[in-house]
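Summary of structural features
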There are 2 protein chains.
Amino acid sequence: MARKKQTIIFGNKPYIIGSYSLVGKKESDGPMKKWFDECLEDDTYGEKTWEKSESKMLKTAMSEAMRRAGKNKDEIGVVLSGDLLNQLMSSSFTARDLHIPFLGMYGACSTMAESLLLGAVLVDGRYSDDIVIGASSHYCTAERQFRMPLEHGNQRPPSAQWTVTGSGAMLISSKSRDGGFRADDKGSWNRLKHIRVECGTIGKVIDAGIRDANQMGSAMAPAAVDTLLNHLEDTGRDLDYYDVVLTGDLGYIGKDIMKDLLIDAGISKNMLDERYDDCGCMIYDLQQDIHSGGSGCGCSASIFAGYIYKKMTTGELKKVLIMSTGALLSTISPFQGESIPGIAHAVSLVAE
Amino acid sequence: MARKKQTIIFGNKPYIIGSYSLVGKKESDGPMKKWFDECLEDDTYGEKTWEKSESKMLKTAMSEAMRRAGKNKDEIGVVLSGDLLNQLMSSSFTARDLHIPFLGMYGACSTMAESLLLGAVLVDGRYSDDIVIGASSHYCTAERQFRMPLEHGNQRPPSAQWTVTGSGAMLISSKSRDGGFRADDKGSWNRLKHIRVECGTIGKVIDAGIRDANQMGSAMAPAAVDTLLNHLEDTGRDLDYYDVVLTGDLGYIGKDIMKDLLIDAGISKNMLDERYDDCGCMIYDLQQDIHSGGSGCGCSASIFAGYIYKKMTTGELKKVLIMSTGALLSTISPFQGESIPGIAHAVSLVAE
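Residues numbered from 1 in each chain as written. Chains lettered and ligands numbered in written order. Predicted model: local features only at pLDDT ≥ 70, side-chain atom pairs only at ≥ 80, totals over all residues. Heavy atoms only, no water.

1. Thoughts on the packing of helix 2 (residues 50-68) of chain A against helix 3 (residues 89-98) of chain A
Each pair of packed helices gets described by two things: the angle between the helix axes and the distance between those axes. Residue and element names in this part refer to chain A. Across the interface, helix 2 lies against helix 3 with an axial gap of 8 Å and an inter-helix angle of 50 degrees. Compared by their axis directions, helix 2 and helix 3 come out oblique. The handedness of the crossing between helix 2 and helix 3 comes out as right-handed. Note on element contacts: helix 3 touches helix 2 through Met 89, Ser 90, Ser 91, Phe 93, Thr 94, Asp 97 and Leu 98, opposite Glu 51, Glu 54, Ser 55, Leu 58, Lys 59, Met 62, Ser 63 and Met 66. Considering only residue class, the contact of helix 2 with helix 3 consists of six nonpolar, five polar and four charged. (Axes fitted to C-alpha atoms, helices over the stretch in contact; angles between N-to-C directions. Helix = DSSP H or I, 4+ residues; strand = E, 2+ residues; numbered from the N terminus. Parallel < 35°, antiparallel > 145°, perpendicular 65-115°, else oblique. Left-handed = near helix turned anticlockwise from the far one by under 90°. Contact = heavy atoms within 4.5 Å. Nonpolar A, V, L, I, M, F, W, Y, C, P; charged D, E, K, R; others polar.)

See the structure below:
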């Protein structure tokens with residue numbers, strides 16, 4: 001029997017009514033600066049350890065997403081979130097401080113899409129009216145956990161990616177909310193659009209056999225291709241149904257592999273050049289010495305919660321497919337001869 | 001505004017139609033032996049590393065739960081699972097091998113209840129007809145990740161708990177399934193009951209300020225109390241509504257604290273003595289040198305998927321509340337002066 005469809009349709013119209021993105025210094029120096037809600041001048045964020053800084057970033061993003069949605073934390077049914085730290089340290093401590101029922105998610109860098117998808121399920125199914133989702137990562141916590149202590153000053157190969165210091169959070173609600181008006185570049189006032197979570201595709205774990213922890217893009221690209229093709233097949237859509245299709249953090253190498261594989265699958269190169277991009281390639285300038293681009297849960301989280309959310313509220317983007325991509329890299333498994341499995345989940349958003 | 005209810009009611013009747021539990025040697029030597037579906041003689045399970053052994057245990061549990069439910073893996077919409085290993089190594093590799101869409105969960109030892117709860121949401125909401133959930137832990141992988149390498153042979157304090165080597169998996173379906181007949185002790189044949197997931201309560205992260213990684217029961221008990229009291233309040237039930245209320249792995253110390261706190265909250269000691277127990281106190285015999293009892297995702301996973309499932313199919317237990325309890329213990333945070341936050345989720349099952 002063939003695999004059943006992997007795509008869930010949200011018929012009851014869950015809406016994203018609040019969003020907040022917060023990034024570190026290096027991200028603030030990049031080309032996406034104007035799209036983030038808060039840019040830190042100091043990546044410690046006033047805390048004594050990097051882990052506490054990251055946790056504070058996530059907590060701020062969630063608190064601000066609630067504030068912007070006009071909700072207080074007692075109105076929130078559940079928080080769904082995750083991060084890259086072992087035992088979800090950032091999310092656990094954030095959930096402790098917020099004192100909201102909590103479901104911890106782990107999908108490596110795919111966590112933002114996983115949380116968004118399951119959050120939409122809970123709201124769409126009328127299990128909760130208001131839910132907060134989020135994800136975070138921090139260059140300094142990720143380096144010491146997955147690679148080398150920063151003090152070691154090790155050289156990075158050209159294929160390495162730079163973990164984004166950033167967090168993003170969204171508030172999903174069963175009811176849309178009037179966002180008011182905003183002036184465009186020409187000075188005319190436009191009503192802000194409502195952003196609806198329309199459907200989501202749950203990805204499979206795909207292992208391309210990559211064993212090099214500095215080749216994350218290659219490890220994740222096949223999973224992203226699989227999820228995207230299944231999404232298009234399930235929904236009967238072509239890629240150009242979407243104004244933009246964004247992967248999370250494939251980086252330059254992974255993005256090229258993704259495009260090659262999609263072209264092999266029959267999607268035109270022109271369409272891909274026009275509509276497909278990767279958050280890991282967007283968030284930094286190549287001159288920022290980031291080698292193969294950005295990575296980490298915070299990469300797609302901050303771009304979705306910042307850039308995509310804002311471009312959709314103004315109506316500049318109407319249909320967007322966001323796909324966070326995760327490399328399920330264990331620090332132990334490579335020593336046991338294992339390769340790095342990848343995963344990607346897709347969520348379709350509509351501005352209306 | 002007061003916190004909204006934390007409890008989700010499953011009106012569309014999701015059923016557990018298959019279940020499998022598998023444990024290691026020490027667990028097989030304990031008092032629960034006859035309730036497990038498979039007892040290993042050798043905790044390596046034929047693999048070269050403990051992590052691969054654990055992953056194989058989880059995969060076997062899921063595959064057998066599917067087989068017993070009469071489903072093949074192409075019929076399964078999603079796998080929801082988690083474990084204690086960093087980056088969910090067991091679950092990720094299991095999901096890779098099964099090739100079923102995967103959502104990774106992390107709630108430390110509360111993962112079995114978290115997965116069951118969210119799996120029931122997906123089935124109840126008609127997002128998928130058949131879902132597999134599971135969790136695992138392994139003494140040897142947990143010791144080296146959270147405490148000391150086994151070779152170190154360190155002494156364990158009396159408050160320490162023994163991580164269960166075990167896995168459990170269940171198949172949740174939108175349709176019940178005739179389980180046939182089974183002979184009871186007196187030789188008469190009885191039709192097996194259907195087990196329905198009736199409701200679930202999502203827990204909050206509660207931090208009791210415990211900083212000692214060998215005091216997990218104390219760290220988790222306040223969270224379990226909070227979830228249970230919220231569950232009873234949300235549902236308007238008394239504790240004796242249930243034939244049995246089981247926590248996951250509070251162990252002897254945590255169970256005593258739980259009882260004391262519940263007595264303080266007005267629940268009678270008699271009722272607790274009669275109806276409340278903890279999987280961590282049930283799984284081993286005190287003579288097995290396990291100090292304060294069992295712990296780990298596999299503790300509640302194997303008891304729920306083995307003992308509870310079987311006692312409910314025969315109708316011996318009719319209403320059960322299972323609560324996996326998690327200590328969100330990070331290996332880094334204690335060095336940064338942080339305490340250990342706890343969490344617990346509750347799921348109510350009915351045999352009918």
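2. Brief notes about the packing of helix 6 (residues 216-235) of chain A against helix 7 (residues 251-264) of chain A
All names here are of chain A. Running from amino to carboxyl end, helix 6 crosses helix 7 at an angle of 40 degrees, the nearest separation of the two axes being 8 Å. In terms of orientation, helix 6 and helix 7 fall into the oblique class. Helix 6 and helix 7 meet at a crossing whose hand is right-handed. Along its contact with helix 6, which presents Gly 217, Ser 218, Ala 221, Pro 222, Ala 224, Val 225, Leu 228 and Leu 229, the element helix 7 presents Ile 253, Gly 254, Ile 257, Met 258, Leu 261 and Leu 262. Among the residues making up the contact of helix 6 with helix 7, the classes are represented as eleven nonpolar, three polar and no charged.

3. Describing the interface of chain A and chain B
Opposite the 63 residues of chain A that make contact, chain B presents 63 residues. Here chain A and chain B share six salt bridges between them. A salt bridge links Arg96(A) to Glu338(B); the shortest N-O distance between them is 3.1 Å. Along the contact surface separating chain A from chain B lie 24 residue pairs in polar contact (both at pLDDT 80 or more). (Salt bridge = Lys/Arg side-chain N within 4 Å of Asp/Glu carboxyl O. Polar contact = N/O pair within 3.5 Å; in protein donor to acceptor, adjacent residues only side chain to side chain.)

Taken by themselves, the reported measurements are silent on function.
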